[in-house]
Amino acid sequence: MVLGTYKEIVSARATDKQIQKVSQDGGIVTGLLAFALEEKIIEGAVVAGPGKELWKPEPMVAMTADEIIAAAGTKYTFSPNVMMLKKAVRQYGIEKLGTVAIPCQTMGIRKMQSYPFGVRFLADKIKLLIGIYCMENFPFASLETFVSEKMGISTDLVEKMDIGKGKLWVYTQDDVLSIPLKETHGYEQSGCNVCLDYVAELGDVSTGSVGSPDGWSTVITRTDGGDTIFKQAIDAGIFETKDMADVKPGLGLLEKLSAQKKEKNQKTIDKRKEMGLPVPF
Amino acid sequence: MSLISKIKRFLGIETKPANEEAKPAKSGEVGASEQEVEKVAEENAKPRIGYIHLSGCTGDVMSLSENYDILAELLTNMVDIVYGQTLADVWEMPEMDLALVEGSVCLQDEHSLHELMEAREKANMVCAFGSCAATGCFTRYSRGGQQARPDHESFLPIADLIKVDCAIPGCPPSPEIIAKTVVALINGDMDYLQPMIDLAGMTEGCGCDLQKYVVNQALCIGCGTCAMSCQTRAVDMTSGRPEVNGDRCVKCGICYTQCPRSWWPEEQIKKDLGL
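Cut-offs applied
Residues numbered from 1 in each chain as written. Chains lettered and ligands numbered in written order. Predicted model: local features only at pLDDT ≥ 70, side-chain atom pairs only at ≥ 80, totals over all residues. Heavy atoms only, no water. Buried < 20%, exposed > 50% of the residue type's maximum accessible area, 1.4 Å probe, protein only. Helix = DSSP H or I, 4+ residues; strand = E, 2+ residues; numbered from the N terminus. Contact = heavy atoms within 4.5 Å. Buried area = accessible area lost by both parts, 1.4 Å probe. Salt bridge = Lys/Arg side-chain N within 4 Å of Asp/Glu carboxyl O. 1 Å grid on protein atoms, 1.4 Å probe; cavity = no way out; pocket = protein on both sides within 12 Å on 5 of 7 lines; lining within 4 Å. Points joined across faces, edges and corners; volume = space filled by probe spheres on them. Nonpolar A, V, L, I, M, F, W, Y, C, P; charged D, E, K, R; others polar. Pairing = 2+ DSSP bridges. Axes fitted to C-alpha atoms, helices over the stretch in contact; angles between N-to-C directions. Right-handed = clockwise from strand over helix to strand, strands pointing away. Parallel < 35°, antiparallel > 145°, perpendicular 65-115°, else oblique. Phe/Tyr/Trp six-rings, centres within 6.5 Å; stacked < 30°, edge-to-face > 60°. Lys NZ or Arg CZ within 6 Å of the ring centre and 35° of its normal. Core = buried A, V, L, I, M, F, W, Y, C linked by side-chain atoms within 4.5 Å. Domains from an automatic or database assignment. Polar contact = N/O pair within 3.5 Å; in protein donor to acceptor, adjacent residues only side chain to side chain.

A.B. asks: It is not clear to me how helix H4 (residues 81-90) of chain A should be interpreted in this structure. Could you clarify?
C.D. replies: Side chains three or four residues apart in an α-helix point the same way, a direct result of the helix having 3.6 residues per turn. Of all the ten residues making up H4(A), eight are buried; the element is thus mostly covered by neighbouring parts of the structure. Within H4(A), burial applies to Asn81(A), Val82(A), Met83(A), Met84(A), Leu85(A), Lys86(A), Ala88(A) and Val89(A).

A.B. asks: What am I meant to see in the interface of chain B and chain A here?
C.D. replies: How big an interface is tends to be stated in terms of the accessible area lost upon association of its parts. Chain B puts 53 residues into the contact, and the matching count from chain A is 41 residues. Carbon and sulfur atoms make up 64% of the area that chain B and chain A hide from each other, which totals about 4,100 Å². Area buried by chain B at its contact with chain A is led by Met228(B), Trp264(B) and Leu275(B), which between them contribute 19% of it. Along the contact surface separating chain B from chain A lie one salt bridge. With a closest N to O distance of 2.6 Å, Arg120(A) and Glu66(B) form a salt bridge.

A.B. asks: Please clarify how the layout of surface pockets should be interpreted in this entry.
C.D. replies: To find leftover empty space, a probe the size of one water molecule is rolled over the atoms. There is about 950 Å³ of room inside the second largest pocket. Every residue lining the second largest pocket is counted, 40 residues in all, and those nearest its centre are Met83(A), Lys87(A), Ala227(B), Val235(B) and Asp236(B). Of all the secondary-structure elements, those providing two or more residues to the lining of the second largest pocket are strand E3 (58-62), H4 and helix H6 (140-150) of chain A together with helix H3 (59-65), helix H10 (225-229) and strand E8 (235-238) of chain B. In terms of residue count, H4(A) provides more of the lining of the second largest pocket than any other element does, five residues in total. Partitioning the lining of the second largest pocket into residue classes produces 19 nonpolar, ten polar and eleven charged.

A.B. asks: Looking at this structure, how should I read the sheet that holds strand E7 (residues 166-168) of chain B?
C.D. replies: Hydrogen bonds between backbone groups are what pair the strands of a sheet, and the pairing can be parallel or antiparallel. Residue and element names in this part refer to chain B. As summarised here, the arrangement of the five strands in space is E2-E1-E3-E5-E7, forming an open sheet in which the pairing is parallel. The open sheet has two edge strands, strand E2 (80-83) and E7, and neither has a second partner. For this sheet, the mean inter-axis angle between neighbouring strands, taken without regard to orientation, is 30°. In the sheet, strand E1 (residues 48-53) pairs with strand E3 (residues 96-102) via five bridges, with the strands oriented parallel. From the neighbouring strand, Ile-49 faces E3, where its bridge partner is Leu-98.

A.B. asks: So what exactly am I meant to see when it comes to the pairing of strand E5 (residues 126-132) of chain A here?
C.D. replies: Two faces make up the sheet, and in a regular strand the side chains alternate between them. Residue and element names in this part refer to chain A. Among the seven residues of E5, five are classified as buried, and the element is accordingly described as predominantly covered. You can see the chain leave strand E4 (residues 97-101), run along helix H5 (residues 103-114) and come back into E5, and the turn it takes is right-handed. Pairing of E5 with strand E9 (residues 205-208) involves three bridges; the strand directions are parallel. The partner of Ile-130 across the bridge, within E9, is Val-205.

A.B. asks: What is the right way to look at the packing of H5(A) against helix H12 (residues 266-273) of chain B in this model?
C.D. replies: When two helices pack together, their arrangement is given by the angle between their axes and by how far apart the axes lie. Contact geometry of H5(A) with H12(B) gives a least axis separation of 10 Å together with a crossing angle of 80°. Between H5(A) and H12(B), the interaxial angle falls into the category roughly perpendicular. Residues Arg110(A), Lys111(A) and Ser114(A) of H5(A) touch H12(B), and the partners they reach there are Gln268(B), Ile269(B), Asp272(B) and Leu273(B).

A.B. asks: Teacher, can you tell me more about the packing of aromatic side chains here?
C.D. replies: What describes a pair of aromatic rings is the distance from one ring centre to the other and the angle between the planes of the rings. For the structure on display, the rule yields eleven aromatic pairs over all chains. With centroids separated by 5.3 Å and ring planes inclined at 80°, the aromatic side chains of Phe146(A) and Tyr187(A) adopt a geometry described as edge-to-face. Here the residue Phe146(A) occupies a position in helix H6, and Tyr187(A) occupies one in the loop between strand E8 (176-180) and E9, the gap between them amounting to 41 residues. Members of the aromatic cluster, each reached through a chain of ring pairs, are Tyr115(A), Phe117(A), Tyr192(B) and Trp263(B). A cation over a ring is seen here: Lys111(A) above Trp263(B), with NZ or CZ 4.0 Å from the ring centre.

A.B. asks: What exactly am I supposed to notice about the nonpolar core here?
C.D. replies: In summary, soluble globular proteins display a tendency toward joint burial of nonpolar side chains. Counting residues in each nonpolar core, the largest one holds 55 residues, and the members touching the most others are Phe117(A), Ile52(B) and Ile158(B). Taken together, domain 1 (3-18 + 43-199) and domain 2 (208-273) of chain B each give at least three residues to this core, which thus spans both. The next biggest cluster of nonpolar side chains, apart from the first, holds 35 residues, and it includes Ile94(A), Leu97(A), Met112(A) and Met237(B).

A.B. asks: Looking at this model, I keep getting lost on the domain arrangement of chain B. Mind explaining?
C.D. replies: Residues and elements named next belong to chain B. The domain architecture assigned to chain B consists of domain 1 (3-18 + 43-199) and domain 2 (208-273). Each of domain 1 and domain 2 has a C-alpha centre, and these two points are 25 Å apart. The partner domain 2 presents twelve residues to the 16 residues of domain 1 that form the contact. For the pair domain 1 and domain 2, the summed buried area comes to about 1,000 Å², and 59% of that belongs to carbon and sulfur atoms. For the pair domain 1 and domain 2, the interface holds one salt bridge. Asp-189 serves as the salt-bridge partner of Lys-271, at 4.0 Å between the closest nitrogen and oxygen. Applying the counting rule to domain 1 against domain 2 returns six residue pairs in polar contact (both at pLDDT 80 or more). Contributions of two or more residues to the side of domain 1 that touches domain 2 are made by helix H6 (131-135) and helix H8 (190-199). In terms of residue class, the side of domain 1 that touches domain 2 is built from nine nonpolar, three polar and four charged.

Given below as structure tokens:
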């Protein structure tokens, strides 16, 4: 299945105005983690928080809704969230943990849960894993190239970055700049080119903007746990939802992009195999 | 089918269909005899496990004992520990279904060599239990010249000397992976055990595996799983790539074992998640 195994797909956004203001799209990750914290489904969450340098995120353990909201928004470079999971349990004493992860990070977490060879008493503490759609990720130096060289402004001025409608967008206080996505090709980390997962097929819940209108996100519920938590949040009024059939551009676009990623990267995998290079998939 | 037959069948060893297909008792004759058959079948289903302690720190068997909630049930009803210092009052090594070998083997220690060879002869399956037995781990740094035995210099993963059927790396392996492995063995879940069987071939481990087999191979995605799993905190993430502190690395091989880009058990994960 091109979107992985799932229970339901809806278009949704957080109703909280404060979350809407800071979130990348529909505020699903921020809203759901904050809800899970408040309902004590989780005691803390590992998120990509602000780092020392602007746009260079660092994994952090958020223990309050405010800390989660402060970490809202997509960062298009590395934040090795998985490494913080153990710290969250050992050093913060968290027994019920939530986190947000791109597909490859989801894979590291799920493999650890099924085969915890060297990882002691962590697997069963992860109660909510929110996956986000991901086509590729960029080294920080690549982002610098896009913003400083191709767009000609300092990264310090950037207030938001976004990918959509075939372009990489950069928002400053009084300007909107963009470059075609084509110009970013070759700047992604090459490990992304063998990945067949666009829609975080192993998340409890997966989400991303693709398929939904501006300011909304497409939410896929997958596991029993993820489905239950998301429905609880809807019932509590945290999210408003729309049927995917009623929104533009709709599910077709999500399916198309997922299929494209699989097809393109399968070619890379085949080529690697021809060359005798290792591929885990 | 009893566990022994399953293991033997899996390893391609001839197995007798004894006990498992007991003749149906005539009606009216049920009772004592049927119970007896069940009892025999049940006894046969308990794998006979031996524990062989070579050059390791006992951490692996301590990790096993951290399965408090299932340990009593495990030791009383699920397995028979038939051999092992501190675990069984036995001098002669008996026949075993499974030998768990903890520790690497010291070439200068005649007793260890003998014990390992005997275990291979007496056990249907030999498991490298913990990273010392699997990869050599910390003992890879040994150079001899220390009291009380300055001649004890050379320590090897057991697969360098004998055929090893499966490995559970870890320094130590987590209590959960030990429990999961034992349960899979008892259920004959060979799908779950396949990675352990494959890992029997991994007799070298090091933090530098991350650079050689992941980063150099254009496979690293900077997820941080290696840094999370390192049991000595030797791995940190710098600019989205693992950076290994060689002074802290014990060569257990766990960072590479846990990396989602080394091997990928997709079917098992989906099964575990109900997807």
